[in-house]
Amino acid sequence: MSHPILITGGAQRVGLHCAKRLLEDGHEVIISYRRERESLTELRALGIRTLQADFASTAGIMAFIDSLHRETQGLRAIVHNASTWLAETRGEEAASFQQLFSVHMLAPYLINLHCSDLLSGTGLRDIVHISDDVTRKGSAKHTAYCASKAGLESLTLSFAERLAPRIKVNGIAPALLMFNEHDSPAYREQALAKSALGIEPGPEPFYQALRSLLDNPYLTGTTLHLNGGRHVH
Ligand SMILES: NC(=O)C1=CN([C@@H]2O[C@H](COP(=O)(O)OP(=O)(O)OC[C@H]3O[C@@H](n4cnc5c(N)ncnc54)[C@H](OP(=O)(O)O)[C@@H]3O)[C@@H](O)[C@H]2O)C=CC1
Ligand SMILES: Nc1nc2c(c(=O)[nH]1)N=C([C@H](O)[C@@H](O)CO)CN2
C-alpha cells in the first residue's frame, strides 16, 4: 500500500492542480491550506485530506507538524509549495522578511527535520522544494522573497546530502506559471517577453516537472529551472 503525498498550499492555483493530478495518477493526497476556501469542499469530496496550517510562525509550523503526525502513519512524498509573493512594504521590511523566511525556509526546514521519518514504504521517497527562477539573478522588487527562495534552494542541497540514500530531495524553480487576476495587460506583456517561449504555461507543465522528479530514482540535489528559456538579464 503506498502512502499519501503531502502538498502544502494546495487550496488554489498550482498546488490545487497538482493535488487533483496526483489523485488522478493514483496517489492518496494530503494538502495544507491557510484559509478556508470553496475549493476545499471539492477536494474533500474527492477524498483528499485537508490540514489547516499557517507557516508564518514557528508555533504554526510546529502545530502543523503535530497534526500531520496525527493524520498519517507514512508519506510517499512531501512537496513544499506553500508560498507568499510579498513585495516589501516601506516601514514593514523586517516583518515581511521574517514572514517570507518563515514560510519559504523555516517551514520546509522544520517539516523536513520532524517529518522525514514519515517518508517510508518500499518504493521511492521524495521531498520537493518549490523555489523560483528569479534566484538566478536576484530581484529589486521582491528582494526578501527572492532571498528566501534562494535559501530554500540551499536547503535542497543540504537535505539531499543529509537524507540520502533513503530520501531524494530536489527542487523546481519556475518562472511565470500563472498570472494573478489583478495583473495588468502591460504587466502580462512584459512578463511574457522575458522568456524565449513567451507563454503563460499554466500549472500542467509544472505538474509534468514534479512527476519527472517523483518518478526518477537517480535524481537528488537537483533544481529544475522551469522557465520557458528565460534570459538572465
Ligand atoms: N504562479 C507563478 O507564476 C509562479 C509560482 N512560483 C512558485 O510556485 C508555487 C505555486 O505558486 P502559486 O500557485 O501561484 O502559489 P500561491 O501564491 O497561490 O500560494 C499557494 C498557497 O500558499 C499558501 N500560503 C501563503 N502563505 C501561507 C502561510 N503563511 N502559511 C501557509 N500557507 C500559506 C496560500 O494559502 P492561502 O490562499 O490560504 O493564503 C496559497 O493557497 C509557489 O511556491 C510559488 O512561489 C514561482 C514562480 C512563478
Ligand atoms: N507564491 C507565489 N509566488 C510567485 C507568484 C505567485 O503568484 N505566487 N508569481 C510569480 C510571478 O508569476 C513571476 O514569476 C513572474 O512575474 C512569482 N512567484
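Everything that follows concerns the structure shown earlier in this document.
Residue indices begin from 1 for each chain and proceed along its sequence in written order. All chains are assigned letters beginning at A, and all ligands numbers beginning at 1, according to the order in which they are written. Predicted model: local features are reported for residues with pLDDT of at least 70 only, side-chain atom pairs are reported and counted for 80 or more only, and whole-chain, interface and lining totals are derived from all residues. Heavy atoms throughout the structure, all of them, feed into the side-chain values; hydrogens and water do not.

Undergrad: Please clarify how the pattern of salt bridges should be interpreted in this entry.
TA: A side chain with one charge may pair with a side chain of the opposite charge, provided their charged atoms come close. Salt bridge, as used here: a side-chain nitrogen of Lys or Arg that lies within 4 Å of a carboxyl oxygen of Asp or Glu. Applying the stated criterion to the full structure yields twelve salt bridges. One salt bridge in this structure joins Arg49 and Glu28, with 3.0 Å as the shortest N-O distance. Highlighted residues: Arg49 in strand β3 (residues 49-52) and Glu28 in the loop between α1 (13-24) and β2 (29-33), separated in sequence by 21 residues. Salt bridges linked by common partners bring Arg21, Glu24, Asp25, Glu204, Arg211 and Asp215 together as one network. The helix count covers DSSP runs of H or I at least four residues long, the strand count covers runs of E at least two residues long, and both are numbered beginning at the N terminus.

Undergrad: What should I look at first to understand the site of ligand 2 in this one?
TA: Note on definitions. A residue lies near a molecule or strand when any single heavy atom of the residue is within 4 Å of it. As a structural note, the neighbourhood of ligand 2 is formed by Arg13, Ser83, Thr84, Trp85, Asp132, Tyr145, Ala175, Leu176, Asn180 and Tyr187. We define a polar contact as two N or O atoms separated by no more than 3.5 Å, with the added condition that, inside protein, one atom must be a possible hydrogen donor and the other a possible acceptor, whereas residues neighbouring each other in sequence contribute only through side-chain atom pairs. Between an oxygen atom of ligand 2 and a side-chain N or O atom of Arg13, the distance comes to 3.0 Å. Side-chain polar atom of Ser83 to a nitrogen atom of ligand 2: 2.8 Å apart, as the coordinates give it. Notes on ligand 2: free accessible area 410 Å², of which the protein chains cover 80%. For the shell around ligand 2, the per-class residue count stands at five nonpolar, three polar and two charged. Every accessible area reported is derived by Shrake-Rupley at a probe size of 1.4 Å, with residue values counting cover from the shown protein chains alone. Classification used: nonpolar for Ala, Val, Leu, Ile, Met, Phe, Trp, Tyr, Cys and Pro, charged for Asp, Glu, Lys and Arg, polar for all others including Gly.

Undergrad: For this particular structure, what's the right way to read the environment of Pro4?
TA: Within the fold, Pro4 resides in the segment before β1 (5-7). For the pair Pro4 and Leu224, spaced 220 residues apart in the sequence, the C-alpha separation amounts to 23 Å. With near-sequence residues (within four places) excluded, Pro4 lies in contact with Glu28, Val29, Ile30, Arg49, Thr72, Gly74, Leu75, Arg76 and Ala77. The contact criterion used is simple: two residues touch if any of their non-hydrogen atoms lie within 4.5 Å.

Undergrad: Sorry, what's going on with the sheet that holds strand β5 (residues 126-130) here?
TA: Strand pairing in a sheet relies on backbone hydrogen bonds, with the paired strands running either antiparallel or parallel. Strand order in this open sheet of seven strands is β3-β2-β1-β4-β5-β6-β7, and the pairing throughout is parallel. Looking along the sheet, the strands with just one partner apiece sit at the ends: β3 and β7 (223-226). Taking the axes of each pair of neighbouring strands and ignoring which way they run, one obtains an average angle of 15 degrees across the sheet. All axes here are fitted lines through C-alpha atoms, helices being fitted over the stretch that makes contact, and every angle between N-to-C directions spans 0 to 180 degrees. Those strands touched by helix α3 (residues 58-71) are β1, β2 and β3, and its axis lies near 155 degrees from that of β3. Strand pairing is assigned whenever DSSP identifies at least 2 bridges connecting the two strands.

Undergrad: Would you mind going over the pairing of strand β4 (residues 77-80) with me for this structure?
TA: Side-chain direction in a regular strand flips from residue to residue, so the side chains alternate between the two faces of the sheet. Side-chain alternation along β4 places Ala77 and Val79 on one buried face and Ile78 and His80 on a second face that is also buried. One ladder, built from four bridges, connects β4 with β5; its direction is parallel. Following the sheet pairing, Val79 is matched in β5 by Val128. A crossover gets the label right-handed when its path from the first strand over the helix to the second runs clockwise, viewed with the strands pointing away from the viewer. This β-α-β element, β4 to helix α4 (residues 93-115) to β5, shows right-handed connectivity. In this scheme, a residue with accessible area under 20% of its type's maximum is buried, one over 50% is exposed, and one in between is partly exposed, where area comes from a 1.4 Å probe on protein chains only.

Undergrad: Is there a simple way to think about the site of ligand 1 in this case?
TA: Taken together, 26 residues are adjacent to ligand 1, and Gln12, Arg34, Arg35, Arg37 and Leu177 come closest. Contact distances for ligand 1 include 3.0 Å between an oxygen atom and a backbone N or O atom of Val14. Between ligand 1 and Arg35, the relevant distance is 2.8 Å, taken from an oxygen atom to a main-chain nitrogen or oxygen of the residue. For ligand 1, whose accessible area on its own is 880 Å², the fraction buried by protein is 92%. Taken together, the elements giving at least two residues each to the shell around ligand 1 come down to α1 and α5 (143-163). Here the shell around ligand 1 is built from residues that sort into 13 nonpolar, six polar and seven charged.

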